[in-house]
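# Geometric and topological summary
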Amino acid sequence: MVALATAMPAPPAPVHPLKSALKRKRPDDGADDQTPPPTQPGLKRVKVTFDSAVQVDIPKAWTSKSLVLVREEVRRALERHRSGESAAYETLRQIFNTKPFSDDAPTTGLLSKYVMTITSFVGLVDRRCGSLVDSILNSYWLGRDEGFLSQFQRLLVSLVSTHGAHAHLVMQSLVDKFISLRSSAGRLPGHDIVRRFELLDRLHKTLKCVLDTVPSSVRSLSSAITNGFPYSTESTQVHVDYVTNIIRVASYAPALKAEILSLTTDRLVKIDVQIQVDIEDLDEDMHDSLLQDVTSALDRTEKEGEADANVWSDSSDDDSDISTIADAASQRLEQLKVSVTKLDAILDLLFDYYDKAFENGKEGDKIETFEQLVAIFLRSILPTYRSRHVQFLLFHFGQSLPNMSDRFAAALTKIAFDKNQPAMLKISAAAYLASFIARGTHVPRSTVVSVYASLCTELDRLRDVYERSGSGPSLQRYGVYYAIAQALLYMFCFRWRDLLVDPEGFEDQFFEEKELEWIPGVKEQVTRNIYSALNPLKVCSPAIVMQFARIANHLRFIYVFPLIETNKRVRLTKSMAQMAAGYDGMVGRETALSSKTGESAFQLDAYFPFDPYHLPRSKRWVSGDYVEWKSPPGMEEDGSDSEADEAQDAEEEDDDDDDDDDDQEDDGDDGQENDGKGGKVTA
């Protein structure tokens, strides 16, 4: 019995397998590819207890986990999260949340195993796993190697295709990176530096991969682009980065091209309008100083951009110091400079985009792009009061391409003549049409003649209708009629030579010896309307009327100076009820110019939207597009402005006399006479 007891084995059998399992926690050459030891109930219990301990920090030993172990860990974390146990789920999230610069960061190799595993278990990553998806999307993935990037793209495709609820999260994360990427994203430990353009290339490659594989995700991308557009208060660089990238999206997502361009134009119009509101308060010297400062700022930005083509700065930019300016007026001026710089830079981007589209596109694609541009103009720009610069996209491309002038003019003419359109929109269309035809250097003569003849015909038609009412001149009632009349006067001043039957045979020095021959019907229609009871020369802008009178007289087109003198004794009186109703049943728009009193409050503004373009960077695109003002041969230019000023002064003096008469006639009438607001019509 004693000998038998002495022969009993000493250590229990389970000790050696447990020691072996613990040794796997130390890195070794082939640990990642080894198969786990045979499972035994006791050993499995010890292993599960050890691995499921809640740990916030990732142990260094985790960098050598096998793929089998990672698969088990991910599966268990996702399944337990569905049942309400989130400890392992939060540990899984922490793996992606850990920054690659920290000591306990997982290696790219280990992170790759998690990405592959989650892709295989993507069915378990449902709506309740939104926080995990968010952690994955916010991880440092763009700066890693190409192999990891491919695996990550497959994960995103799987998430979007399997769970529609995650499509918006994925798309919004990718879009946000258009402006949120930092230099640190391309400088990860143990990896080659990834430069700025390479990071963007990877980002767009990923976005295109998701779109190509899951076409339905385009809806989520559209929403993400709209939601991600910077606020108007954001810096110039933020806007430039964002617009540059969404325009790039349009190149591989044609279904979104029109929407992206429309969105950009809409936001740009808002910036443009706000600038015009602010700039009206500046005197001329401050306005010139503003443009000089903007030019300098753009030059600095361009030089810095060339020097920093491959590096991304994490610092804030042009408007970072505005809040430190103590003086409110100076702060407002600095903010205005930032806005002008922003407008100029984004417009330059749009000019460049359309220029390349028209230069490199097929004929059908060019027509489609231009039609989209016209549609954006009609919806966003034409109805907007105070837009000053954005419309020059149409001014430039509308005359720089064959047949595009006719297309743009036809679109404006259709609006101006459409009886179902609001009066304000028709007046604006007439002003745009006149300004485009008068100022466009490359607008062909055929288009000038066609548009002028059409406007004359429409003016005659409206005259015939309105004269039946038996009333005299009234801007409030016949606003569209006077807008078309003023368009004809303005166009004549710039394009009179194109209205000749033989413009090539016109002799500059000796035309006074013979009567000029005008295209059929034009002279008769203009004369008939000018001397009609509607009296357009009384209602149209005095400055334009006087310039037309001088040129028309010099060319022996029509002599109207006696009528102008007679009109000084004509009163444009309106009742308060008519002023409240506005013109054509609409309330007149009150503007900064509505403070004019007397007759001027009932006369049309000299508004033509293609006035000279002054934004310092983008003005290069419209250089050479203008018909510069030039008096007809033999007519003195020096006196033109003074005569127009004298006519305007005479109008104002006559207004003052009329106001004095009104004061005497309406004494004790509690100020029922016009206050200068509400009867004013502007386009």
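Residues numbered from 1 in each chain as written. Predicted model: local features only at pLDDT ≥ 70, side-chain atom pairs only at ≥ 80, totals over all residues. Heavy atoms only, no water.

Moving on to the overall build of the protein chain. The secondary structure content of the protein chain amounts to 27 helices and zero strands. Residues counted as buried form 49% of the 683 residues belonging to the protein chain. Sequence-distant contacts in the protein chain: of pairs separated by 6 or more residues, those separated by 24 or more amount to 80%. (Helix = DSSP H or I, 4+ residues; strand = E, 2+ residues; numbered from the N terminus. Buried < 20%, exposed > 50% of the residue type's maximum accessible area, 1.4 Å probe, protein only. Contact = heavy atoms within 4.5 Å.)

Two numbers describe how helix 8 (residues 146-162) lies on helix 10 (residues 196-213): the axes approach to 10 Å, and their chain directions differ by 35 degrees. In the packing of helix 8 onto helix 10, the handedness of the crossing is right-handed. Across the interface between the two elements, Glu-146, Leu-149, Gln-153, Leu-156, Val-157 and Val-160 of helix 8 pack against Arg-202, Lys-205, Thr-206, Cys-209, Val-210 and Thr-213 of helix 10. Residue composition of the contact of helix 8 with helix 10, by class: six nonpolar, three polar and three charged. (Axes fitted to C-alpha atoms, helices over the stretch in contact; angles between N-to-C directions. Left-handed = near helix turned anticlockwise from the far one by under 90°. Nonpolar A, V, L, I, M, F, W, Y, C, P; charged D, E, K, R; others polar.)

Let us look at the packing of aromatic side chains. Taken as a whole and assessed by the stated rule, the structure comprises 35 aromatic pairs. Judged by centre distance (5.6 Å) and plane angle (75 degrees), the ring pair of Tyr-432 and Phe-610 falls under edge-to-face. Pair noted here: Tyr-432 is in helix 19 (residues 423-439) and Phe-610 is in the loop between helix 26 (576-581) and helix 27 (638-665), with a separation of 178 residues, a long-range link. Of the two residues, Tyr-432 and Phe-610, both sit in the buried class. Consider the rings of Tyr-466 and Tyr-478, whose centres lie 4.5 Å apart with planes at 25 degrees: the pair is stacked. In this pair, Tyr-466 sits in helix 20 (residues 445-466) while Tyr-478 sits in the loop between helix 20 and helix 21 (479-495), placing the two residues 12 residues apart along the sequence. Exposure class is identical for Tyr-466 and Tyr-478. Each is buried. A network of ring pairs unites the aromatic residues Phe-377, Phe-392, Phe-395, Phe-408, Tyr-432, Phe-436, Phe-610, Tyr-613 and Tyr-626 as a single cluster. (Phe/Tyr/Trp six-rings, centres within 6.5 Å; stacked < 30°, edge-to-face > 60°.)

Turning to the nonpolar core, a few remarks are in order. In terms of nonpolar packing, the biggest core is built from 181 residues, with Ile-225, Phe-492 and Phe-548 touching the most fellow members. At 14 residues, the largest contribution of residues to this core is made by helix 21. Excluding residues within four positions of it along the chain, Phe-492 makes contact with Tyr-452, Leu-499, Trp-518, Phe-548, Ile-551, Ala-552, Leu-555 and Phe-557. (Core = buried A, V, L, I, M, F, W, Y, C linked by side-chain atoms within 4.5 Å.)

A few words now on helix 12 (residues 236-252). Counted at 1.5 Å a residue, the expected span for helix 12 with its 17 residues is 24 Å, and the 25 Å between its end C-alpha atoms agrees. With 12 of its 17 residues buried, helix 12 lies for the most part within the structure. Thr-236, His-239, Val-240, Asp-241, Tyr-242, Val-243, Asn-245, Ile-246, Ile-247, Val-249, Ala-250 and Tyr-252 are the residues of helix 12 that are buried. Buried-residue contacts for helix 12 involve helix 9 (167-180), helix 10, helix 11 (218-228), helix 13 (257-279) and helix 15 (328-360). (Expected span 1.5 Å × (residues − 1).)

Orientation of helix 13 relative to helix 15, taken along the N-to-C sense of each, is 150 degrees, at an axis distance of 10 Å. As summarised for this structure, helix 13 and helix 15 are arranged roughly antiparallel, according to the angle between their axes. As helix 13 runs across helix 15, the sense of the crossing is left-handed. Contacts from Lys-257, Leu-261, Thr-264, Thr-265, Leu-268, Ile-271, Asp-272, Ile-275, Asp-278 and Ile-279 of helix 13 reach helix 15 at Arg-332, Leu-336, Ser-339, Val-340, Lys-342, Leu-343, Ile-346, Leu-347, Leu-350, Tyr-353 and Tyr-354. Of the residues in the contact of helix 13 with helix 15, the class split is 13 nonpolar, three polar and five charged. (Parallel < 35°, antiparallel > 145°, perpendicular 65-115°, else oblique.)

Okay, the environment of Phe-121 next. Note that Phe-121 resides in the loop between helix 6 (108-120) and helix 7 (130-137). Here the alpha-carbon distance between Phe-121 and Arg-75, two residues 46 residues apart in the chain, equals 7.1 Å. Look past the residues within four positions of Phe-121 in its chain and what remains in contact with it is Arg-71, Val-74, Arg-75 and Leu-78.

One non-glycine residue, Asn-535, lies in positive phi territory at about 50 degrees. Mapped onto the elements of the fold, Asn-535 is located in the loop between helix 22 (522-530) and helix 23 (536-539). Of note, the phi angle at Arg-556 is positive, near 55 degrees, even though the residue is not glycine. By the secondary structure assignment, Arg-556 is in the loop between helix 24 (542-554) and helix 25 (561-567).

Helix length check: helix 8, at 17 residues, gives a terminal C-alpha distance of 24 Å against a target of 24 Å (1.5 Å per residue), a fit within 8%. Every buried residue of helix 8 is listed here: Phe-148, Leu-149, Gln-151, Phe-152, Gln-153, Leu-155, Leu-156, Val-157, Ser-158, Leu-159 and Val-160. Turning to helix 8, the residues buried within the fold contact helix 6, helix 7, helix 9 and helix 10.

All right, on to the environment of Thr-213 then. Relative to the assigned elements, Thr-213 resides in helix 10. Under the relative-accessibility criterion, Thr-213 is labelled partly exposed at 48%. With 52 residues separating them along the chain, Thr-213 and Ser-161 place their C-alpha atoms 8.3 Å apart.

The subject of this paragraph is the pattern of salt bridges. Counting across every chain of the model gives 25 salt bridges. Among the ionic pairs, Arg-128 bridges to Asp-126, the shortest N-O distance being 2.7 Å. A salt bridge links Asp-352 to Lys-356; its shortest N-O distance comes to 3.2 Å. Of the two residues, Asp-352 and Lys-356 both sit in helix 15, four residues apart, roughly one turn of that helix. Using a relative accessible area of 26% as the deciding quantity, one classes Asp-352 as partly exposed. Given the relative accessible area of 48%, Lys-356 is considered partly exposed. Taken together, the salt bridges that share partners define one network made up of Glu-72, Arg-75, Arg-76 and Glu-79. (Salt bridge = Lys/Arg side-chain N within 4 Å of Asp/Glu carboxyl O.)

In this section: the confidence of the model for the protein chain. Per-residue confidence for the protein chain gives a mean pLDDT of 80, with 72% of residues at or over 70. Confidence over residues 574-595 falls short of pLDDT 50; this stretch has 55 contacts with residues more than four positions distant or in other chains. (pLDDT = per-residue confidence, 0-100.)

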